[in-house]
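Listed below are the residues making up each chain.
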Amino acid sequence: MNTKVLVSLALLVGMGAVLHAVIPPIFLGMKPDMMLTMMFLGIMLFPQARNVFVLAIATGAIAALTTSFPNGQVANMIDKPLTAFLFLGLFLAVRRYKQSVVSTSVLTAIGTIVSGIVFLAAALALGSFSAAQFFGLVAAVVLPATAVNTFAMIVIYPIVQTIVKRSKITSQMS
């Protein structure tokens, strides 16, 4: 793995952790997972399986360390790798078409919904809450998080595109 790629991915994970720390809770202490937006950007910048694996493990570990959700540590370590590789597959499938803010925002929305559902399903399997609460949590946390992450991608993606075009970072984004 190239050192520039590793440093770029580490910066994205770090920014995601900071965003995760400053975002206020939206429902019973649960926060939108802004680390997903940064993970998705990392996947779009460097869409190779080894990069995605490292990014998913790092993002999952930091999310696990900062979660306040019961059994969220295990759920995050299940959720992030599955979501990352699903996002990679979707990104590679749509990459041949023109990259735009719309396509990346739609992918972010899909990825956030998948991540939220996988996280909640894992937490449900671990006994964190009852099955009757599942859809309530999806409505109260996953859907607002999807809106926040999609809006963040709409704002951040053009900035990242400009930075990549002006820098010497070798990326698959453009």
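### Considering the pattern of salt bridges
One pass over the structure, following the stated rule, counts 2 salt bridges. Among the salt bridges present, the one from D79 reaches K80, with a minimum N-O distance of 2.9 Å. The pair D79 / K80 is uniform in exposure class, with both members buried. Each of D33, D79 and K80 takes part in one network of salt bridges that share partners.

### Brief notes about a nonpolar patch on the surface
Together, L6, F53, V54, I57, M77 and F85 give the surface a local cluster of nonpolar side chains, amounting to about 480 Å² of exposed area. Within the residue set of the nonpolar patch, elements represented by two or more residues are α3 (49-66) and α4 (72-94). It is α3 that provides the largest number of residues to the nonpolar patch, a total of 3 residues. Topologically, M77 is positioned in helix α4. Judged by relative accessible area, which is 34%, M77 ranks as partly exposed.

Definitions and limits used
- Residues numbered from 1 in each chain as written.
- Predicted model: local features only at pLDDT ≥ 70, side-chain atom pairs only at ≥ 80, totals over all residues.
- Heavy atoms only, no water.
- Salt bridge = Lys/Arg side-chain N within 4 Å of Asp/Glu carboxyl O.
- Buried < 20%, exposed > 50% of the residue type's maximum accessible area, 1.4 Å probe, protein only.
- Patch = residues over 30% accessible without salt bridge, like charges linked within 9 Å, V, L, I, M, F, W, Y side chains within 5 Å.
- Areas by Shrake-Rupley, 256 points an atom, 1.4 Å probe, with all protein chains shown as cover.
- Helix = DSSP H or I, 4+ residues; strand = E, 2+ residues; numbered from the N terminus.

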